[in-house]
Amino acid sequence: MNTREMNIQEVKKCDSTYIMPTFGRELLLTRGEGSYVWDCEGNKYLDLVAGIAVCNTGHCHPTIVQAIQMQTETLMHCSNLYYIPHRAIFAEKLVNISGMAKVFFTNSGTEATEAAIKLARVRTKKHAFIACENGFHGRGSAALACTHEPKIREPFGPLQPSCTFVPYGDAHAIKEAIASDTAAVILEPVQGQAGVIIPPASYLSDVRDICDEAGVLLIVDEVQTGMGRTGAWFAYQHAGILPDIITLAKGLGSGFPIGAILAREGLQFERGEHGSTFAGGPVACAAGCATIDVLQDVITAIPRKAALFSELLQEHNPRVYGLMIGISVGEHCADIASYCTTHGVLVNCAAHGNLRLLPPLTISDEEIREGCQVIQAAFSSLS
Ligand SMILES: *Cc1c(COP(=O)(O)O)cnc(C)c1O
């Protein structure tokens, strides 16, 4: 049956009958273009969530669509047993924009975390990790072991590797937690799922120094902050440091699923140490190459767009880091989100009552004004 032949009630019923209920959903979306998506009734929404920081190039950017279409018609899959041009070219582009040396492709952020943890364990021959309170690194078992939220992690224990959690933004706490069996520290440069939590400006460089001193690897999770989101290709670049490993996914393929880890010179998997059937496939890598080409011209305008969000939302004390915007709302977050949806703007409630905005990086100033006006009205509707 074609989805167009099902009405919204039928789709909802079919969905809830056959799909495990891990997510709650409301809207039935059928189309996206630029900063907007449309539902099945033709209603138009300004998308300030962008598929959770995935659609950095906006919805269905023509350059991305063309790259995917051309590759799909040419060679859709061939495994990692063979060379393909786009995989090599995409890796070269990633190395050039990151200052790292080697790439291993995955299919998601979780798989990137799993790969980073494996790489740290196999090269250091140590098995313990340090991660941050309220941090999020994905839902595979190793990724989950390093994800703090007890609600997400504890039902699945005992998990490996052993992970010590320290307060986010406190470099000294990391120093204190390092032990002789510590393989690596893993952290987000800005915490996303926690609600856009920005650490002190010197945090990353302090942690880099501490890791160097202790001979411990630094894994920076750029799954959400990467691919231009913060106004640099990667958020660690604002701190002027080089991590040992970074993890990427979300915006990497503009919506086509792909993830990766990038490692610095001298750190890599050897033959047979890791693998994946789908990862680094032709279509994903074509989407990735096109994504970098499109974002190249978009990144420079991000500080200006971020400043506009700051200005327009200033009475709500927004935390703004590039185009990651968080506002502490508390128990009324769902009400704000629901008001915004009703008035044609999609926003997200992250953890702990934090309203989170992750707009397409291609959003225009006019669209930012339109979105902030509705958010403003949503706050007014509360009082
Ligand atoms: C989303 C996210 C992940 C997990 O990525 P998936 O593709 O959902 O597995 C990991 N780390 C961070 C920081 C994320 O935001």
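Residues numbered from 1 in each chain as written. Predicted model: local features only at pLDDT ≥ 70, side-chain atom pairs only at ≥ 80, totals over all residues. Heavy atoms only, no water.

## Re the site of the ligand
Near the ligand you find Ser108, Gly109, Thr110, Phe136, His137, Gly138, Glu188, Asp221, Val223, Gln224 and Lys250, and these make up its full shell. One nitrogen or oxygen atom from the side chain of Gln224 is found 2.8 Å from an oxygen atom belonging to the ligand. Contact between the ligand and Lys250: an oxygen atom at 2.6 Å from a side-chain N or O atom of the residue. Taken by itself the ligand offers 390 Å² of open surface, and the protein chains cover 81% of this. Partitioned by chemical class, the residues of the shell around the ligand number two nonpolar, six polar and three charged. (Near = heavy atom within 4 Å. Polar contact = N/O pair within 3.5 Å; in protein donor to acceptor, adjacent residues only side chain to side chain. Areas by Shrake-Rupley, 256 points an atom, 1.4 Å probe, with all protein chains shown as cover. Nonpolar A, V, L, I, M, F, W, Y, C, P; charged D, E, K, R; others polar.)

## Here we look at the pattern of salt bridges
Pairs may arise between side chains of opposite charge once their charged atoms sit close together. This structure, assessed with the given rule, holds nine salt bridges. Its salt-bridge partner being Arg123, residue Glu273 comes within 2.8 Å of it at the nearest N-O pair. Of this pair, Glu273 sits in the loop between strand 10 (259–263) and helix 10 (282–296) while Arg123 is found in helix 5 (residues 109–124), placing the two residues 150 residues apart along the sequence. Arg123 gets classed as partly exposed once you look at its relative accessible area, which sits at 30%. It is possible to trace a salt-bridge network through shared partners that takes in Arg208, Asp212, Asp244 and Arg264. (Salt bridge = Lys/Arg side-chain N within 4 Å of Asp/Glu carboxyl O. Helix = DSSP H or I, 4+ residues; strand = E, 2+ residues; numbered from the N terminus. Buried < 20%, exposed > 50% of the residue type's maximum accessible area, 1.4 Å probe, protein only.)

## Focus on unusual backbone geometry
A cis geometry characterises the amide bond from Gly157 onward to Pro158, with omega recorded as -5°. Locating Pro158 in the fold gives a position in the loop between helix 7 (150–153) and strand 6 (163–166). The amide bond that connects Gln160 to the next residue, Pro161, takes the cis arrangement and shows omega of -5°. Along the chain, Pro161 turns up in the loop between helix 7 and strand 6. Backbone geometry at Met227 places phi at a positive 55°, although glycine is not the residue there. Relative to the helices and strands, Met227 resides in the loop between strand 8 (217–221) and strand 9 (245–248). Within the chain, Lys250 stands out as a residue other than glycine whose phi angle is a positive 25°.

## Some words on helix 5
The terminal C-alpha atoms of helix 5 lie 22 Å apart, and with 16 residues this matches the ideal 22 Å at 1.5 Å per residue to within 8%. Near the N-terminus of helix 5, the side chain that reaches the backbone nitrogen of Glu111, with its oxygen 3.1 Å away, is that of Ser108. In the stretch just after helix 5, Lys125 is the one whose phi turns positive, near 60°. (Expected span 1.5 Å × (residues − 1).)

## Side note on the sheet that holds strand 3 (residues 44–47)
In spatial order, the strands read 1-2-3-13; together these four strands make up an open sheet with mixed pairing. Strand pairing shows two members of the sheet lacking a second neighbour, strand 1 (29–33) and strand 13 (345–346), which therefore form its edges. Strands in contact with helix 13 (residues 365–382) are strand 2 (36–39), strand 3 and strand 13; relative to strand 3, the strand with the most contacts, it is inclined by about 100°. (Pairing = 2+ DSSP bridges. Contact = heavy atoms within 4.5 Å. Axes fitted to C-alpha atoms, helices over the stretch in contact; angles between N-to-C directions.)

## Comments concerning the packing of helix 11 (residues 302–312) against helix 13
Running from N to C, helix 11 and helix 13 cross one another at 25°; their axes reach a closest spacing of 10 Å. Regarding the angle of helix 11 to helix 13, the classification is roughly parallel. The chirality of how helix 11 crosses helix 13 is right-handed. For the pair helix 11 and helix 13, the contacting residues are Arg304, Lys305, Leu308, Phe309 and Leu312 in the first and Asp365, Ile368, Arg369, Cys372 and Gln376 in the second. (Parallel < 35°, antiparallel > 145°, perpendicular 65-115°, else oblique. Left-handed = near helix turned anticlockwise from the far one by under 90°.)

These figures come from the coordinates and say nothing about function on their own.
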